[in-house]
Amino acid sequence: MEKIVSLSKRRGFVFPGSEIYGGLANSYEYGPAGVELKRNIQDEWWRVFVRERSDMVGLDSSIILHPKTWEASGHVAGLVDAMVECRACHSRTRADHLIENYFETKGEKVSVEGKSEAELDEVIGQNKIKCPTCRKFDWTPVRKFNLLFETHVGIVPEAQSKVYLRGETAQGIFLAFKNILDSTRVRLPFGVGQLGKSFRNEITKGNFIFRTLEFEQAEIEYFFDPEINDWKELYDGWKAAMHGFITATLGVKAENLRWREHGDEERSFYSKRTEDLEYNFPFGFKELWGLAYRTDYDLKQHMKFSGVDLSYTDPATGKKFVPHVIEPAVGINRLMAMVMLDAYTEDGDRVYLKLKPRLAPYKAAIFPLLANKPQLVELARKIHGDLQKHFSVAWDDRGNIGKRYYAQDEIGTPFCITVDFDTIGEGDEKNKGTVTVRDRDTGTQERVAIENLPTFLHGKIYN
Ligand code: GAP
């Protein structure tokens, strides 16, 4: 993980948040390479799950929703973590993480999911678990705190103006359900996909971008009639789609993935089945993507709190009912951490990110062999400008070619294109008008005619 964290900073993927002010825990900034990679993952998710499916539509709802939304959804009462504070150094930590990490260092796997504050206090006390920061044993009693960020709208008195930054994108989908039915020709079963920022007041140190205060969620609510569709079949279909996305689209190794089903104490009371697709992060197998069969709970809750009828009428039979939903919910930032970790490759002295070319921040990097030879630079600039119309491409004219390869390898650029003396007709005459294209993974080089570069790259990247 340390290697990825330092590579991320060195090469402009991810920077610590608010660094010039000493940092802000669990917040990060996505640099020039990182924003491209994150956007490519988002685009792939949108392409695979929204644009290329005829049973899906998209949505972009608000970050600030009516505050009743979060009472109806159960987040005001239920999106809570149990926390303890060290009286000696005042660091705060999630009680469940404190306990689970303590047992993990002893080689034991313990889950305290569903335990009360008193029970957690007891486990911490009985095992005399010390503060991981200052090594003292002087904890406050465990208390619950809500993860929703509160803010205020307008100038009305405080209590009436209180709103929340959304803790998940999913609720926006339920609020828009009626408008989607009324404005489109969708018929059950169909899903609504949404991509956007969610916010949670996470206090535990987040393992890089795995757990952050704000994160990009990609969620789907898949609505269906449980009397017509077998939920288990739909559920298994989503499991296969999620797994396929991670392995085939994002290129992650299947051996680093596993499914974990939630037990009764962990699963929400309205859910019939919940499973997490987990990835083998350096800190253990952890949740990447959740899949939950949520029945008709959410739509019914919003009907109750809003007084608006959110039922669906089957156009063929006239049957009126509240649809059920299956919800695949993932964080793009977690996907990005996984993609970088999985692509990180050391080969002797060489370090490279073996990213799927379509995910790479830059599809190609263009180099003039020498920065002080105007003919080489001008032609390389022209090629760079022409390729920019098709792909995201990088430019580098500093140092020797070896150093430039080294930098692009760490960024994961699949192709490096060099304009050399042959290109401009001052070398081997038969190579005039061609450039050297070097492959990131094999290190092999081939000569490609300048006019063929867009087709050549397109074929290699989007095959
Ligand atoms: N609507 C269901 C829901 O939000 P969740 O398991 O709380 O379920 C879904 O979140 C996904 O969002 C997680 O599997 C994870 O990928 C991502 N996620 C949740 N909290 C996160 C955080 N603090 N930082 C980064 N990603 C997070």
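Rules of the game
- Residues numbered from 1 in each chain as written.
- Predicted model: local features only at pLDDT ≥ 70, side-chain atom pairs only at ≥ 80, totals over all residues.
- Heavy atoms only, no water.
- Near = heavy atom within 4 Å.
- Polar contact = N/O pair within 3.5 Å; in protein donor to acceptor, adjacent residues only side chain to side chain.
- Helix = DSSP H or I, 4+ residues; strand = E, 2+ residues; numbered from the N terminus.
- Nonpolar A, V, L, I, M, F, W, Y, C, P; charged D, E, K, R; others polar.
- Contact = heavy atoms within 4.5 Å.
- Phe/Tyr/Trp six-rings, centres within 6.5 Å; stacked < 30°, edge-to-face > 60°.
- Buried < 20%, exposed > 50% of the residue type's maximum accessible area, 1.4 Å probe, protein only.
- Arc of directions from axis to C-beta.
- Patch = residues over 30% accessible without salt bridge, like charges linked within 9 Å, V, L, I, M, F, W, Y side chains within 5 Å.
- Areas by Shrake-Rupley, 256 points an atom, 1.4 Å probe, with all protein chains shown as cover.
- Salt bridge = Lys/Arg side-chain N within 4 Å of Asp/Glu carboxyl O.

A. Quick peek at the site of the ligand. As a structural note, the neighbourhood of the ligand is formed by 19 residues, with Glu168, Arg200, Glu219, Glu287 and Leu288 the closest of them. Between Gln217 and the ligand, the recorded distance is 3.1 Å, taken from a side-chain N or O atom to an oxygen atom. Broken down by secondary-structure element, the contributors of at least two residues to the shell around the ligand are strand S10 (214-224), strand S13 (284-295) and strand S16 (324-331). Across the shell around the ligand, the residue classes break down as seven nonpolar, four polar and eight charged.

B. Summary view of the environment of Glu216. Locating Glu216 in the fold gives a position in strand S10. Put simply, Glu216 and Glu287 are 71 residues apart on the chain and 15 Å apart in space, counted from C-alpha to C-alpha. Look past the residues within four positions of Glu216 in its chain and what remains in contact with it is Lys38, Gln42, Gly196, Lys197, Val330, Gly331, Ile332 and Asn333. Separated by 3.2 Å, the side chains of Glu216 and Lys38 make a polar contact.

C. Structural context of the packing of aromatic side chains. Taken as a whole and assessed by the stated rule, the structure comprises 26 aromatic pairs. Ring plane angle 40 degrees and centroid distance 4.6 Å describe the contact between Phe177 and Phe223, whose orientation is recorded as tilted. In this pair, Phe177 is assigned in helix H8 (residues 170-183) and Phe223 in strand S10, connecting sequence segments 46 residues apart. Under the relative-accessibility criterion, Phe223 is labelled buried at 0%. Where Trp231 meets Tyr235, the ring centres are 6.0 Å apart and the plane angle is 90 degrees; that geometry is what we call edge-to-face. You can see Trp231 and its partner Tyr235 sitting in helix H9 (residues 231-249), four residues apart, about one turn around the helix. The class for Trp231 is buried, based on a relative accessible area of 16%.

D. Region of interest: helix H6 (residues 117-126). The set of residues buried in H6 consists of Leu120, Val123 and Ile124. The buried residues of H6 occupy an angular sector of 95 degrees when projected down its axis, which confines them to one face. H6 presents Ala118 and Gln126 as exposed residues on the side facing more than 90 degrees away from its buried surface. Following H6 by one or two positions, Lys128 adopts a phi angle in the positive range, close to 45 degrees.

E. Fine view of a nonpolar patch on the surface. On the surface, Ile63, Ile64 and Val153 cluster together to form a nonpolar patch covering roughly 220 Å² of accessible area. Considering the arrangement of structural elements, one finds Ile64 in the loop between strand S3 (56-59) and helix H3 (68-73).

F. Focus on the pattern of salt bridges. Under the definition given, this model contains 41 salt bridges. The salt bridge partner of Glu19 is Lys9, with a shortest N-O separation of 3.2 Å. With Glu19 in the loop between strand S1 (14-16) and strand S2 (28-30) and Lys9 in helix H1 (residues 2-10), this residue pair connects regions lying 10 residues apart in the sequence. A salt bridge links Lys319 to Asp225; its shortest N-O distance comes to 2.8 Å. Within this pair, whereas Lys319 is found in the loop between strand S14 (312-313) and strand S15 (320-321), its partner Asp225 is found in the loop between S10 and H9, the two being separated by 94 residues in sequence. Look at the salt bridges and you will find they share partners, linking Arg258, Arg260, Glu266, Asp276 and Glu278 into a network.

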